[in-house]
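Per-entry structural report
Chain by chain, the residues:
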Amino acid sequence: MSGARFDLPEPDAFTRPYWDAAAEGRLLVRRCGACGRAHHYPREFCPHCWSEDVTWERASGRATLYTWSVVHRNDLPPFGERTPYVAAVVDLAEGPRMMTEVVDGGGLQAGMELEVAFREGVPIFRRAGGAERLQ
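Scope of this entry: the structure provided in the associated data block. (Residues numbered from 1 in each chain as written. Predicted model: local features only at pLDDT ≥ 70, side-chain atom pairs only at ≥ 80, totals over all residues. Heavy atoms only, no water.)

Right, let's talk about the packing of aromatic side chains for a bit. Applying the stated rule across the entire model yields five aromatic pairs. Between Phe14 and Trp56, the ring centres sit 5.8 Å apart and the planes meet at 35°, which makes this aromatic pair tilted. Pair noted here: Phe14 is in the segment before helix H1 (16–23) and Trp56 is in strand E3 (residues 54–58), with a separation of 42 residues, a long-range link. Linked through ring pairs, Phe14, Tyr18, Trp19 and Trp56 together constitute an aromatic cluster. The ring of Tyr41 carries Arg43 above its face, with NZ or CZ at 4.0 Å from the centroid. Positioned over the ring face of Tyr66 is Arg97, at 3.4 Å from the centre of the ring. (Phe/Tyr/Trp six-rings, centres within 6.5 Å; stacked < 30°, edge-to-face > 60°. Helix = DSSP H or I, 4+ residues; strand = E, 2+ residues; numbered from the N terminus. Lys NZ or Arg CZ within 6 Å of the ring centre and 35° of its normal.)

Right, dumping it as structure tokens:
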């Protein structure tokens, strides 16, 4: 397990557009052409109406905090170096819910406004008004 990292994605042919966009600082969701609803995580069909008429769409990057938990222990690399960290679920402005991490997470409140930031090509969220690309 030496050198293994559990925080970086392993893109496949289907999810590559999502991860390539994230590496460029863009968050994508899938939108259904049949029912019009957006969804996340990326799937090849709409989880609402089962249509296969779905396309990638750039998301606004805005979200509201739905729920969170502060993680104080995680033995998988590199999470142990980041503890404590905030694992969260956010409601994207486009509608879907997304699991993520919230950085600069002091004083969190359900319903607070967040915006996307990126760390090593992975979307994370922070308080609205302070989003920037994290290294």
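Resuming the write-up.
All right, on to the side chain of Arg119 then. Structurally, the position occupied by Arg119 is in strand E7 (residues 113–119). For Arg119, a relative accessible area of 15% translates into the label buried. Only 2.4 Å separates the side chain of Arg119 from the side chain of Glu101, close enough to count as a polar contact. (Buried < 20%, exposed > 50% of the residue type's maximum accessible area, 1.4 Å probe, protein only. Polar contact = N/O pair within 3.5 Å; in protein donor to acceptor, adjacent residues only side chain to side chain.)

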